[in-house]
Amino acid sequence: MPAEKANASLPRKINERYHVVKLLGELENHGRAVQEAESFFRRHPRSPWLDEVIFLQVQSLYATGRYEAAREAGEALVKRKFPREDGRAGLAWSPWRDHMRYLAGKIHHIQGNLAEAVRLYREVAGRFVDAKDSLDFFTRAELDAPATRSFGLDDAAAFELGLKNQTSIRVRLYPVDLKVLFAVRKNLANVNAIDLTGIPAVATFERSAADAEPYVRFTRELKLPIPRQGVYLVVM
């Protein structure tokens, strides 16, 4: 977090009111903390501690589940500049700006607005490990399928895939000589590591998943065009 501002040159009343807001938040008396922050804003709109008190209020609103109010209260930290904390003339971006972006990302995450959450996590991933972890989780592409499946002669060859951040699935179907496979490997462990060099696929096709929502895990049934009875390796 940004270093706490030096308070030697600040008027005593401003100093006291700032610490009241901060202490109430630490004691989890969030309702009072929000009220005292509002009082601070009215009394000291040009205080060099204004931005920090805004973020303290945002934290209390967030802690009590008032997510939309917290996001709205913190918008100023992102959109406008504040009196400089070093006492010099002029305005500057708040050191709490990126903290607010990260918290806004968490709020959008909770509310299910994942596209906006990912955008905000991406903006601050270089500053906060948790934001980077969340970004990695949401943007990671996933494709899960059962290692082996068997079907009866009269059953449709189909199984369910688990997917995330996939807009299409390209599938290749290879015949496998089961007698040779067991002679060489003895079992089906690591069957996906079989060397297919020189073996032509009996089917190659693509399934669209363009209608799937990004960042969310979903399932699709994959139907296989099996040409005849036998054993096949499905490569995706």
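The structure under discussion appears in the preceding block.
A quick note: this is a predicted structure, and the numbers were derived from the prediction, not measured.

(A) Just helix α4 (residues 67-79), in detail. The end-to-end C-alpha separation of α4 is 18 Å, in line with the 18 Å expected for 13 residues at 1.5 Å each. In α4, a bend of some 30° at Ala73 exceeds every other bend along the element. The elements touched by buried residues of α4 are α3 (50-63), β1 (82-83) and α5 (97-111).

(B) Expanded view of the packing of α3 against α5. Where α3 meets α5, the axes come as close as 11 Å, and the angle between the chain directions of the two elements is 20°. One finds that α3 runs roughly parallel with respect to α5. When the axes of α3 and α5 are compared, the crossing they make is left-handed. Contacts from Phe55, Val58 and Tyr62 in α3 reach His99, Met100, Leu103, Lys106, Ile107 and Ile110 in α5.

(C) Inspection of the sheet that holds strand β8 (residues 231-235) at higher detail. The strand order β6-β5-β8 describes an open sheet built from 3 strands, whose pairing is antiparallel. Among the strands making up the open sheet, the edge pair consists of β6 (203-208) and β8. Strand-to-strand twist in this sheet, taken as the mean axis angle between neighbours without regard to direction, amounts to 25°. As defined by bridge partners, strand β5 (residues 168-176) adjoins β8 across 5 bridges and the pair is classed as antiparallel. In the strand pairing of β8, Arg172 is matched with Val235.

(D) View of the packing of aromatic side chains. What the rule picks out here adds up to 6 aromatic pairs. With 3.7 Å between their ring centres and 65° between their planes, Tyr18 and Trp49 make a pair best called edge-to-face. Remark: Trp49 occurs in the loop between α2 (30-43) and α3 and Tyr18 occurs in helix α1 (residues 12-26); sequence separation between them is 31 residues. We note that Tyr18, like Trp49, is buried. Among the aromatic residues, those joined into a cluster by ring pairs are Tyr102, Tyr121 and Phe128. One cation-aromatic arrangement involves Arg80 over Phe82; the distance from NZ or CZ to the ring centre is 4.2 Å. The ring of Phe137 carries the charged tip of Lys164 above its face, separated from the ring centre by 4.0 Å.

Reading the values: rules and limits
- Residues numbered from 1 in each chain as written.
- Predicted model: local features only at pLDDT ≥ 70, side-chain atom pairs only at ≥ 80, totals over all residues.
- Heavy atoms only, no water.
- Helix = DSSP H or I, 4+ residues; strand = E, 2+ residues; numbered from the N terminus.
- Expected span 1.5 Å × (residues − 1).
- Bend = angle between axes of the 7 residues up to and from the residue.
- Contact = heavy atoms within 4.5 Å.
- Axes fitted to C-alpha atoms, helices over the stretch in contact; angles between N-to-C directions.
- Parallel < 35°, antiparallel > 145°, perpendicular 65-115°, else oblique.
- Left-handed = near helix turned anticlockwise from the far one by under 90°.
- Pairing = 2+ DSSP bridges.
- Phe/Tyr/Trp six-rings, centres within 6.5 Å; stacked < 30°, edge-to-face > 60°.
- Buried < 20%, exposed > 50% of the residue type's maximum accessible area, 1.4 Å probe, protein only.
- Lys NZ or Arg CZ within 6 Å of the ring centre and 35° of its normal.

The values reported here are purely geometric and, on their own, carry no functional implication.
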